[in-house]
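Each chain, letter by letter, is given below.
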Amino acid sequence: MKKLFLFIALAPVLFACKDPNVKYNQVIQNDSDYDVWVKVYNRTDSAATVFFTVDSFLIAKKSETIILERNGYKNMSVFNPCNMYLDSIKGYAEDTTLILTKNLNSAANYTFTEVSKNKKGGGTCECRTIFKNSDLH
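Residues numbered from 1 in each chain as written. Predicted model: local features only at pLDDT ≥ 70, side-chain atom pairs only at ≥ 80, totals over all residues. Heavy atoms only, no water.

## Topic: the sheet that holds strand S7 (residues 123-131)
The strand order across the open sheet formed by 4 strands is S4-S1-S7-S6, and the pairing between neighbours is mixed. In the strand order of this sheet, the two ends are held by strand S4 (63-73) and strand S6 (111-117), each with one partner. Across this sheet, the average inter-strand angle for adjacent strands is 20°, counted without regard to direction. Sheet topology places strand S1 (residues 21-30) next to S7; 9 bridges connect them, and they run parallel. Within S7, the position partnered with asparagine 25 by the bridge is glutamate 126. (Pairing = 2+ DSSP bridges. Helix = DSSP H or I, 4+ residues; strand = E, 2+ residues; numbered from the N terminus. Axes fitted to C-alpha atoms, helices over the stretch in contact; angles between N-to-C directions.)

Structure follows, in structure tokens:
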């Protein structure tokens, strides 16, 4: 009985000490006038920490798609800068010869945003890039 009481008394303390929970999304927003296919080339080395479940994404014109979602007990600052965890990623406009010229593997082309934050530094964050017509040639 004493052990059960001790566990009940310590449980709230243990739960209060856990790391913050973070939900992270990598988002592509397509503001162009074209449906854009994005082709993903996963890393094949042993340092790969993320594996994409598909090798391409269709981002319809005037829409957005979450191409990567991660959840865990971390701090949101771990996801800034916006790394892609890939060998490369390329895009092209569907039914055209237009190629996406924006380097999607560069963290400089993404904007990191803390969407919501909790008291422990966790919450929801995202890295977002936006396609425009000028990004397709």
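Right, picking up where we left off after that structure.
## Notes on the pattern of salt bridges
Tallied over the entire structure, the rule returns 6 salt bridges. We note a salt bridge from lysine 62 to aspartate 33, for which the minimum N-O separation is 3.2 Å. You can see lysine 62 sitting in the loop between strand S3 (56-59) and S4 and its partner aspartate 33 sitting in the loop between S1 and strand S2 (36-42), a full 29 residues away along the chain. For aspartate 135, the salt bridge is made with lysine 102, and the minimal N-O distance between the two is 3.9 Å. Highlighted residues: aspartate 135 in the segment after S7 and lysine 102 in the loop between strand S5 (86-93) and S6, separated in sequence by 33 residues. Assigned by exposure class, aspartate 135 and lysine 102 land together as buried. Residues participating in the shared-partner salt-bridge network are Glu64, Glu126 and Arg128. (Salt bridge = Lys/Arg side-chain N within 4 Å of Asp/Glu carboxyl O. Buried < 20%, exposed > 50% of the residue type's maximum accessible area, 1.4 Å probe, protein only.)

## Remarks on the state of the cysteines
Overall, the coordinates contain 1 disulfide when judged by the stated rule. Here cysteine 125 stays free of any disulfide, with the sulfur of cysteine 127 as its closest cysteine sulfur at 6.8 Å. (Disulfide = S-S within 2.5 Å.)

## Observations regarding unusual backbone geometry
Going from asparagine 80 to proline 81, the amide bond is cis rather than trans, its omega being 20°. As for its placement among the helices and strands, proline 81 is situated in the loop between S4 and S5. The phi dihedral of lysine 62 falls on the positive side, at around 60°, and the residue is not glycine. Here lysine 62 falls in the exposed class, since its relative accessible area comes to 54%.

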